[in-house]
Amino acid sequence: MKAREKVLKVGLTVAVVVILLQLFLIQIVQHDSWVKRAEDEHIVQSTIKAERGEIYMMDGDQPTLVVMNESSWTVVIDPMLVDAEELESTLSKIIPKDKMVAEFKDATADKTRRYYVLARGLKRDAAEKIKEAALVGVYLKEGNARVYPEGQMASSLLGFVNNDGKGQYGVEGALDKELAGEDGVLKTVTDVNNVALSIGDDNVRVPAKNGKNVVLSVDRNIQYRLEKYLKEQMDSSTATHAAGLVMNPQNGEVWALANLPTYDATNYANIEDASVFINEPLESAYEPGSMCKTFSFSAAIDQGKMTPQTTYNNSGYMTVDNWKIENAYKGQLGTITMQTGLDYSLNTSSMTALLWLGGDNNQITQAGKNILYKYYHDLFGFGEYTGIELFESPGVITEPDAADAYNSRYANMTFGQGMQITMMQLASAFSSVINGGEFYRPTVVAGEVAENGDFLYQDSPESIRTTVSTETSSTMRQMLYGTRAYKRTNGTDKAGYYIGGKTGTSQGIKDGAYTFDETVGNYIGFGGAEGEMPEYVIMVKIWGDGKKMEGEKDAMPIFDKMSEYMIDYLQIKPGGQN
Amino acid sequence: MRNEYVSRRGTVTNSWSRNQNIVRHTTKRLGNLSLAAIFGMMVLIVGLIYATQSVKATNYDYELSNIEDEISDLEARKEDLAVEKARLTSIAAAENSQVASNMPDGKPAGYANE
């Protein structure tokens, strides 16, 4: 009896010691590992997706949505589990063909795969039908897609959002950080049905910060009209591309920024020509041509070297560095005024302005080049980023001390060749020339729409610097007004309105050399009531591979129509009739 | 006549000793088993209360979860409607509408001289 008791006692003691050891091992030594396994079982950690900010344009004085969010679903299958025949017969009736990213046969061929994306961008009704079908091995993943109620309008300005939710090109790309917001975190205990429970001490909920709703200064009515007129001109000519912008010269706000052809941002992956993504007026630096005479003339007037009535001898060409630089227009030879030189866009007139800037009537001097560079680069901002909120190119302006700052290059620069600038740089500088001399940093952002729906205006832009004196500005307005004298005679420009502008036909570059086989047509101008300051600036550009486009014939008609529209849209009352 | 009252019960000392055995005091104690049973029942009751409250909380969680689902569903439908509204009020839709096609071309506005 005693022996059996002893055995029992020893046995029990051993059992208790084993249990205690096991408890020690689990609760002390392996504590963290078991806690983690328990948490993995009960606690779910998920990301609360921040809602991407929406994009508005102005519609008069009210913001209106042009880029919105919409729920969309991705269909994922597990090829190992699905019944291929049932899958195809059921889903082919529900999923639109353009949403399929793989053929049924390809998706189900490899039975060893456990994940295959079958379709993307499904709408709610299709997703609900798939849910109802309850097919084995078919899963729906909800996400967000961008929607463009205005269709392809302003596509290169707006950009798009790729499948990873990242903004690309245009506003979506440049303001991606502001639009994206910050994701939140949800960590909670769940039951077997995956329902979040309020029990537990470690529940964490960090709410997502939704992205900012950006309001662009671009007015959808002006944008629509500009694209319409650009398209009409393209259709009536051999041009394949066109771009344009409209801005307020009094504060630098951009009212329209167009680039044709446009593209369907919801179908960006299937676009073959990636050049359509480029926001031409900002990202493409080019030789603008004779529109630049506005700036070489402004510099000479501002330096007191000339007036519109100052005369010079137009021989039809000028020889610089042994290069014969000719006028495109062969007439008006002899002694003519600088106003005539501008009216006929004579290269000799702008080169003469450079001679005068340097203080030598016979040859281009270093002093002249220095002054021209100071105006072009330091004051007008050519060759530098404008500071607009979007992606842009800085362009290229050769410094006067550079090895390739030949006199011939500077002679070319007076009429917009031998340099590369963007349309936005040119339009911003042009605005300062005609607005009294104040340079405003161009902007496409007017403000934001708060969570409660209130429209919060951004601070009104302020002048960054003065480019030319008010007197020079006034003289330049008169000169540019003078170039359109025949437009008033033929009735294009209505009485009571003060409209001025300048053409530009720039040579294309083929294999590193200028060619006359391909030219770009440009026009920039301003408008407003007579006796008042200008209220709008419009710039257009039209071109095509191997096509000869001209400023007067191909670009100016777009300006004419757009200018008339702006007068009506802004309800500008005619002046000077009292 | 007596001038002094004398209690018949005698002095305080006398009465104390006389009444001391009127009530019989006995010490009653619960046994270990009873104590364990009572303790067990109390633990059970507290446990039941806890379980009831937990179930109640879980029920609320389910209700909350359903309501949240409904809210997100309604919000999604609201979004769909907002998109539809934006499409219908887009410039292209307005310009291509039946109403627009029946409208006469606009004439430039006239302005009265001041």
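All values reported here derive from a predicted model rather than from experimental measurement. (Residues numbered from 1 in each chain as written. Chains lettered and ligands numbered in written order. Predicted model: local features only at pLDDT ≥ 70, side-chain atom pairs only at ≥ 80, totals over all residues. Heavy atoms only, no water.)

Enquirer: An account of the overall build of chain A is requested, with residue identities and associated values reported.
Expert: Across its full length, chain A holds 19 helices and 24 strands. Looking at chain A as a whole, 52% of its 578 residues qualify as buried. In the form shown here, chain A has an accessible surface area of approximately 27,200 Å², with 50% of it arising from carbon and sulfur atoms. Here chain A holds 54 positive side-chain charges and 77 negative ones, and the gap between their average locations is 4 Å. (Helix = DSSP H or I, 4+ residues; strand = E, 2+ residues; numbered from the N terminus. Buried < 20%, exposed > 50% of the residue type's maximum accessible area, 1.4 Å probe, protein only. Areas by Shrake-Rupley, 256 points an atom, 1.4 Å probe, with all protein chains shown as cover. Lys, Arg positive; Asp, Glu negative; His and termini not counted. Charge placed at Lys NZ, Arg CZ, Asp CG, Glu CD.)

Enquirer: Account for the overall build of chain B, naming residues and giving values.
Expert: When you go through chain B residue by residue, the secondary structure sums to four helices and zero strands. Going from the N terminus to the C terminus, chain B shows its helices and strands as α-α-α-α. Carbon and sulfur atoms form 59% of the exposed surface of chain B, whose accessible area is close to 10,900 Å².

Enquirer: Before we move on, could you go through the pattern of salt bridges and cite the residues and values that matter?
Expert: Residue and element names in this part refer to chain A. Under the definition given, this model contains 24 salt bridges over all chains. Across the pair Glu-70 and Lys-123 runs a salt bridge, and its minimum N-O distance is 2.8 Å. With Glu-70 in strand E3 (residues 62-77) and Lys-123 in the loop between strand E4 (116-122) and helix H5 (124-133), this residue pair connects regions lying 53 residues apart in the sequence. Its relative accessible area of 35% is what places Lys-123 among the partly exposed residues. Taking the shortest distance from any N to any O, the salt bridge between Arg-220 and Glu-150 comes out at 2.5 Å. Of this pair, Arg-220 sits in helix H9 (residues 220-235) while Glu-150 sits in the loop between strand E5 (138-147) and helix H6 (155-158), placing them 70 residues apart in sequence. Comparing Arg-220 with Glu-150 shows no difference in burial state: the two are buried. Each of the salt bridges in this network shares a partner with another, and the network as a whole consists of Arg-52, Arg-146, Lys-166, Glu-172 and Asp-176. (Salt bridge = Lys/Arg side-chain N within 4 Å of Asp/Glu carboxyl O.)

Enquirer: Could you give me a rundown of the pairing of E3(A), with the residues and numbers involved?
Expert: Residue and element names in this part refer to chain A. When you tally the buried positions in E3, you get 15 out of 16 residues, the bulk of the element. Where strand E2 (residues 55-59) lies against E3, five bridges are found, and the strand directions are antiparallel. Bridging from a neighbouring strand, Met-57 pairs with Thr-64 of E3. The hairpin formed by E2 and E3 contains two residues between the paired strands, and Gly-60 there has a positive phi angle of roughly 75°. In this structure, E3 lies alongside E5, joined through 10 bridges in antiparallel fashion. Bridged to Trp-73 within E5 is Glu-142. Strand direction decides the pairing type here: E3 and E4, joined by four bridges, are antiparallel. (Pairing = 2+ DSSP bridges.)

Enquirer: Lay out the pairing of strand E19 (residues 445-449) of chain A with the relevant residues and their values.
Expert: Residue and element names in this part refer to chain A. Taking burial as the measure, the five residues of E19 include four buried ones, the bulk of the element. Where strand E11 (residues 213-219) meets E19, four bridges bridge the pair, whose relative direction is antiparallel. Each bridged residue has a counterpart across the sheet, and for Leu-216 the counterpart in E19 is Val-445. Bridge count for E19 against strand E20 (residues 455-457) is three bridges, and the pairing is antiparallel. Considered in E20, the bridge of Gly-447 is made with Tyr-457. With antiparallel pairing between neighbouring strands as the criterion, E19 and E20 make up a hairpin whose turn holds five residues, including Gly-453 at a positive phi of roughly 95°.

Enquirer: Provide a residue-level description of the interface of chain A and chain B, including the pertinent values.
Expert: Taken together, the contact between chain A and chain B spans 30 residues of the former and 24 residues of the latter. It is Arg124(A), Tyr224(A) and Lys573(A) that lose the most area in chain A upon contact with chain B, and together they represent 23% of the buried surface on that side. Close ionic contact of Asp80(B) with Arg124(A) constitutes a salt bridge, the shortest N to O distance being 3.0 Å. When contributions to the side of chain A that touches chain B are tallied by element, the ones reaching two or more residues are E3, H5, strand E9 (196-197) and H9 of chain A. Classifying every residue of the side of chain A that touches chain B gives 10 nonpolar, eight polar and 12 charged. (Contact = heavy atoms within 4.5 Å. Buried area = accessible area lost by both parts, 1.4 Å probe. Nonpolar A, V, L, I, M, F, W, Y, C, P; charged D, E, K, R; others polar.)

Enquirer: So what about the nonpolar core? Which residues, and what values?
Expert: Residues and elements named next belong to chain A. Judged by nonpolar contacts, the single largest core of 92 residues is most densely connected at Phe-295 and Tyr-376. Here this core takes eight residues from helix H16 (residues 423-434), the largest share from any one element. Here this core spans two domains, and each of domain 1 (48-98 + 109-212) and domain 2 (219-265 + 274-446 + 462-569) adds at least three residues to it. With 30 residues, the next largest nonpolar core counts Tyr-229, Ala-239, Ala-256 and Tyr-523 among its residues. (Core = buried A, V, L, I, M, F, W, Y, C linked by side-chain atoms within 4.5 Å. Domains from an automatic or database assignment.)

Enquirer: Break down helix H13 (residues 347-357) of chain A for me, citing the residues and quoting the values.
Expert: Residues and elements named next belong to chain A. Burial analysis of H13 places 11 of its 11 residues in the buried class, which makes it a mostly covered element. Within H13, burial applies to Asn-347, Thr-348, Ser-349, Ser-350, Met-351, Thr-352, Ala-353, Leu-354, Leu-355, Trp-356 and Leu-357. Among the residues trailing H13, Gly-359 stands out with phi positive, at a value near 80°.

Enquirer: Could you give an account of the domain arrangement of chain A, naming the residues involved and the relevant values?
Expert: Residues and elements named next belong to chain A. We note that the domain assignment places domain 1 (48-98 + 109-212) and domain 2 (219-265 + 274-446 + 462-569) within chain A. Summarising the inter-unit geometry, the C-alpha centres of domain 1 and domain 2 are found 45 Å apart. Contacts between the two partners involve 21 residues from domain 1 and, on the opposite side, 21 residues from domain 2. Of the roughly 2,000 Å² buried between domain 1 and domain 2 on both sides combined, carbon and sulfur atoms contribute 62%. The largest per-residue losses of area from domain 1 upon contact with domain 2 belong to Gln-152, Ser-156 and Tyr-169, which jointly make up 27% of the total buried on that side. Here domain 1 is connected to domain 2 by two salt bridges. Between Asp-59 and Arg-220 there is a salt bridge whose closest N-O contact spans 3.2 Å. One can count nine residue pairs in polar contact (both at pLDDT 80 or more) joining domain 1 with domain 2. No other element matches the four residues that helix H7 (residues 170-174) contributes to the side of domain 1 that touches domain 2. (Polar contact = N/O pair within 3.5 Å; in protein donor to acceptor, adjacent residues only side chain to side chain.)

Enquirer: Got a sec to walk through unusual backbone geometry? Specific residues and values, please.
Expert: The residue after Leu260(A), namely Pro261(A), is reached through a cis peptide bond having omega 5°. One can find Pro261(A) in the loop between strand E13 (254-260) and helix H10 (280-283).

Enquirer: Lay out the packing of helix H11 (residues 293-302) of chain A against helix H17 (residues 470-482) of chain A with the relevant residues and their values.
Expert: Residues and elements named next belong to chain A. The interhelical angle for the contact between H11 and H17, taken along N-to-C directions, is 140°, at an axis separation of 10 Å. With respect to H17, the axis of H11 lies oblique. Like other packed secondary-structure pairs, H11 and H17 cross with a definite hand, here right-handed. On H17, the residues touching Thr-294, Phe-297, Ser-298, Ile-301 and Asp-302 of H11 are Thr-472, Thr-475, Met-476, Met-479 and Leu-480. Split by residue class, the contact of H11 with H17 holds five nonpolar, four polar and one charged. (Axes fitted to C-alpha atoms, helices over the stretch in contact; angles between N-to-C directions. Parallel < 35°, antiparallel > 145°, perpendicular 65-115°, else oblique. Left-handed = near helix turned anticlockwise from the far one by under 90°.)

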